[in-house]
Structure formats: C-alpha cells, structure tokens
There are 2 protein chains.
Amino acid sequence: MAATQKRTYARYTLEGLTLLGKMIRLGRKKRKMTEHELAERLGIARSTLQRMEKGDPKVEIGLMFEAAAIVGVKLFDADEKGITALISRTDDRIALLPKHVYKAGKRVDDEF
Amino acid sequence: MAATQKRTYARYTLEGLTLLGKMIRLGRKKRKMTEHELAERLGIARSTLQRMEKGDPKVEIGLMFEAAAIVGVKLFDADEKGITALISRTDDRIALLPKHVYKAGKRVDDEF
DNA sequence: AAGATATGCCTTATATATCGGTCAATTCGA
DNA sequence: TCGAATTGACCGATATATAAGGCATATCTT
C-alpha cells in the first residue's frame, strides 16, 4: 500500500516559511496588487500563489524568491551587485576547504 | 505537441538561489558532512541535495530551508523567538491594510 | 444598499520533481 | 602510492506539485 511516508519539517523551518509568505502578502498589498495580478505576473495559478503566501513548504523555491523580488521583499539584504559579491566570497571560502569531506576528522569548526 | 512552456526567472532570483545553495554547501563542508550524510539526515536523495547546492529553482523551498538550518545557515538573521516576533509584526502590518485590494486606487506606497 | 470584485477553500488532470540507482572521475587517508 | 570514499553527472519510474476551474463568502466602490 505504498505507505506514502510523510515528510516533517523543523519548527524553525516552518516559521521561516510562514514569515516569508506573510512578507510576500504584505508586499503585495502595499503595492495594491490582487492575487490574480501577482499570479499572472509570475505566470502561475492563483491557487499556487495562495499556497506560497501561507508558507507551504512544498512550493518551488524559485517561485517564492521571484514573488518576493516582485513585491519588494529583499532576502540577504543585498542588491544585484551585492549578491554577486557574496557569491564570490562564498566560492573563495569553499575553495579554502578540502574538496572532499572524509569521515575521519571529526572537528566541527563552527564559526560563520 | 504540448509545447511545454518553459518558465523563466529573474537574474536576481537565480543569483539569490545560487548564493543560498553555496552557503549550504559551505556550511556542510565546515561541519565535515558528506552529501550522503546530509541527504540522509534530511530524508532525501543525494541527487536532490546536489540540485539544492547548485541553486536549482525547482526544489522544494521547505527542503532548502531545512538544509540551511541543519548546516547553520541563518536566513532572516533571527532565532526561533525572533522569527515568531517578526511574524506577529507582519500580521499587524497586514491588518492595517484593507482586506481586499481593489484596482481603483493606484498609489504604490513603497516604504518597507 | 447593491453590484462588482477579491479572497478562501476545494478538486481533478497533467506536468514534473524526487527517488534510487549506476558509472566515471577525483581526492583524501594511511 | 594505493585503496577507499566522495563527488559529479545522468537516467527511468513513480510520487506529487501545479494548473485550471468552481463555488461560497467577504469586502470594497459608488
């Protein structure tokens, strides 16, 4: 009977999604856009936008980010150039680490 | 022939995703976790984790957020309580606006 | 107050992401 | 150096999200 194993999410994850969804909703309303309008602009169904504003964990992350951008919600508080710079810096930091991770060394090294 | 209309994403969206993916990758490596380990911890296939670290717009946002949390990448720079507070504040701000948006008034009201 | 519009919630068919696996190439530990 | 492990890329089958629409209710405009 296939069981359909259900996935669970940490509370922090769900709350983060709820917040993002509400921020999108707020941004949309401040711009006086209807669900129909924003959905059309995004090229998606209104029902999908509704799931996004509710913080449904199953929606495509690309759509969520796109919607956020359209209604003026910034993630990473950085503009186009800022993001690009952050990507470079992250690449540099990754390059400093071993290419492969091996289960031998058990240090955690936790300073971001 | 069904045409399979392809979706496009803004550059800003794609770069944001690339950044998030790389941050997850960096976080994973700093914690010395292999792809296999993190995927198992998340309850997903390794191939899916690989798409996430590449910033694929099609992955579930819930998985991306969950992965970020596990490897110590903070979005919204706020902890559990902080997120909850932000949700409340966002709810309050939404409550101040009209329940329905009507296409009559065209003001944009852009101050976040 | 009345009419029009937006929103909430639900459902089915279809498109598509995920899973689970394989194979090759790379890189680390001993 | 050699062997074991990690990573990168790819693939088909299946589970699942999305699209599209309907209907009821709420709320705005005039």
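Everything numeric in this text was worked out from a predicted model, so none of it was measured.

(A) Summary view of the protein's contact with DNA strand C. Around DNA strand C, the structure places 28 residues, and the nearest of them are A:E35, A:K99, B:T48, B:R51 and B:Y102. Protein-proximal atoms of DNA strand C, defined as those within 4 Å of the protein, fall in sugar or phosphate at a share of 72%. Measuring from a base oxygen of DNA strand C, one finds a side-chain N or O atom of B:Y102 at 2.8 Å. Elements with a contribution of two residues or more to the surface near DNA strand C: α1 (11–30) and α3 (46–54) of chain A together with α3 (46–54) of chain B. With 4 residues, the top contributor of residues to the surface near DNA strand C is α3(A).

(B) Representation of the interface of chain A and chain B. Contact with chain A, which involves 71 residues of that partner, is made by 71 residues of chain B. Summing both sides of the interface, chain A and chain B together bury roughly 6,200 Å²; the carbon and sulfur share of this comes to 64%. Per-residue buried area on chain A facing chain B is highest for A:Y12, A:K30 and A:I61; these three make up 13% of the total on that side. A salt bridge links B:K22 to A:D91; its shortest N-O distance comes to 2.8 Å. Between the two partners, chain A and chain B, sit 26 residue pairs in polar contact (both at pLDDT 80 or more). Ranked by residues supplied to the side of chain A that touches chain B, first place goes to α1(A) with 17 residues. Taken together, the residues of the side of chain A that touches chain B sort by class into 32 nonpolar, 13 polar and 26 charged.

(C) Examining the protein's contact with DNA strand D more closely. Close to DNA strand D lie 29 residues; A:T48, A:R51, A:K58, B:E35 and B:K99 are nearest. Here the atoms of DNA strand D within 4 Å of the protein split so that 68% fall in sugar or phosphate, with bases taking the remainder. Between B:R46 and DNA strand D, the recorded distance is 3.0 Å, taken from a side-chain N or O atom to a base oxygen. Separating a base oxygen of DNA strand D from a side-chain N or O atom of B:Y102 is a distance of 2.9 Å. Of all the secondary structure elements, the ones that give two or more residues to the surface near DNA strand D are α3 of chain A together with α1 (11–30) and α3 of chain B.

What counts as what
- Residues numbered from 1 in each chain as written.
- Chains lettered and ligands numbered in written order.
- Predicted model: local features only at pLDDT ≥ 70, side-chain atom pairs only at ≥ 80, totals over all residues.
- Heavy atoms only, no water.
- Near = heavy atom within 4 Å.
- Polar contact = N/O pair within 3.5 Å; in protein donor to acceptor, adjacent residues only side chain to side chain.
- Helix = DSSP H or I, 4+ residues; strand = E, 2+ residues; numbered from the N terminus.
- Contact = heavy atoms within 4.5 Å.
- Buried area = accessible area lost by both parts, 1.4 Å probe.
- Salt bridge = Lys/Arg side-chain N within 4 Å of Asp/Glu carboxyl O.
- Nonpolar A, V, L, I, M, F, W, Y, C, P; charged D, E, K, R; others polar.

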